[in-house]
Amino acid sequence: MSACTATPTTTDAAATPQVPPASWQGSERASPVTLSERAADHIARYIAKRGKGIGIRLGVKTSGCSGMAYKLEFADAAEPEDHIFDSHGIKVLVDPRSLPYLAGTELDYAREGLNEGFKFNNPNVKDACGCGESFTT
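Reading the values: rules and limits
Residues numbered from 1 in each chain as written. Predicted model: local features only at pLDDT ≥ 70, side-chain atom pairs only at ≥ 80, totals over all residues. Heavy atoms only, no water. Helix = DSSP H or I, 4+ residues; strand = E, 2+ residues; numbered from the N terminus. Buried < 20%, exposed > 50% of the residue type's maximum accessible area, 1.4 Å probe, protein only. Areas by Shrake-Rupley, 256 points an atom, 1.4 Å probe, with all protein chains shown as cover. Core = buried A, V, L, I, M, F, W, Y, C linked by side-chain atoms within 4.5 Å. Pairing = 2+ DSSP bridges. Contact = heavy atoms within 4.5 Å. Axes fitted to C-alpha atoms, helices over the stretch in contact; angles between N-to-C directions. Polar contact = N/O pair within 3.5 Å; in protein donor to acceptor, adjacent residues only side chain to side chain. pLDDT = per-residue confidence, 0-100.

1. With respect to the overall build of the protein chain
In step 1: In terms of helices and strands, the protein chain carries two helices and ten strands.
In step 2: Going from N to C terminus, the protein chain has its helices and strands arranged as β-β-α-β-β-β-β-α-β-β-β-β.
In step 3: Considering the protein chain as a whole, with its 137 residues, one finds that 36% of them fall into the buried category.
In step 4: Of the roughly 7900 Å² of accessible surface on the protein chain, a fraction of 51% belongs to carbon and sulfur atoms.

Quick look at the structure:
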């Protein structure tokens, strides 16, 4: 069972969870963006240390040798157009332009040797550059 559920951005109790538009093709039509337990724990600790924030904002931007790069920042407030997912008690906010590229993605937090950081496990990626900073879908 998935630890992720969609959360409507309105306060209306009758509001339904936001889903990508029906015109989107492929697996992104209903796939949430999730966090691994390690990533959620790391984000929760950072938000607590920071003293403010409602979750993490994920997105993509045009950049790098492969065309797109990930954006990751802590969110203090939701934007009206954001799609909001809840994963392990952490809100994951994604703008509508980025959602088709991120749908189904799991954000993990990994330590490999002396390196540590977030890792995007994105099923939509078709190719990535050698440095790992950008990707294509």
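2. A word on the nonpolar core
In step 1: Val33, Leu35, Leu58, Val92 and Val94 are the most contacted members of the largest nonpolar core, which totals 19 residues.
In step 2: Counting only elements with at least two residues in this core, the list comes to helix 1 (37-50), strand 3 (55-63), strand 6 (90-94), helix 2 (99-102) and strand 7 (106-112).
In step 3: With four residues, helix 1 is the largest single contributor of residues to this core.

3. Digging into the sheet that holds strand 2 (residues 34-35)
In step 1: With mixed pairing, three strands are arranged side by side in an open sheet as 2-7-8. Looking along the sheet, the strands with just one partner apiece sit at the ends: strand 2 and strand 8 (115-121).
In step 2: Two strands pair when backbone bridges link them, and strand 2 and strand 7 are joined in this way by two bridges, in the parallel orientation. Directly across from leucine 35, in strand 7, lies its bridge partner leucine 107.
In step 3: Relative to the sheet, helix 1 contacts strand 2, strand 7 and strand 8, its axis offset from that of strand 7 by approximately 85°.

4. A closer look at the pairing of strand 5 (residues 83-87)
In step 1: Of all five residues that make up strand 5, four are buried, and the element is covered over most of its length.
In step 2: Between the end of strand 5 and the start of strand 6, which pair antiparallel, lie two residues, with histidine 88 showing a positive phi angle near 50°.

5. Some details on the environment of aspartate 108
In step 1: Counting through the fold element by element, aspartate 108 comes out in strand 7.
In step 2: The spacing of aspartate 108 and phenylalanine 120 is twelve residues in sequence and 6.3 Å in space, taken between C-alpha atoms.
In step 3: At 2.6 Å, the side chain of aspartate 108 and the side chain of serine 36 are in polar contact.
In step 4: Within the structure, the side chain of aspartate 108 is placed 2.7 Å from the side chain of arginine 38, a separation counted as a polar contact.

6. Here we look at the confidence of the model for the protein chain
In step 1: With 68% of its residues at a pLDDT of at least 70, the protein chain reaches an overall mean of 76.
In step 2: Taking the mean pLDDT of every element in the protein chain, the minimum, 39, falls on strand 1 (residues 4-7) and the maximum, 95, on helix 1.

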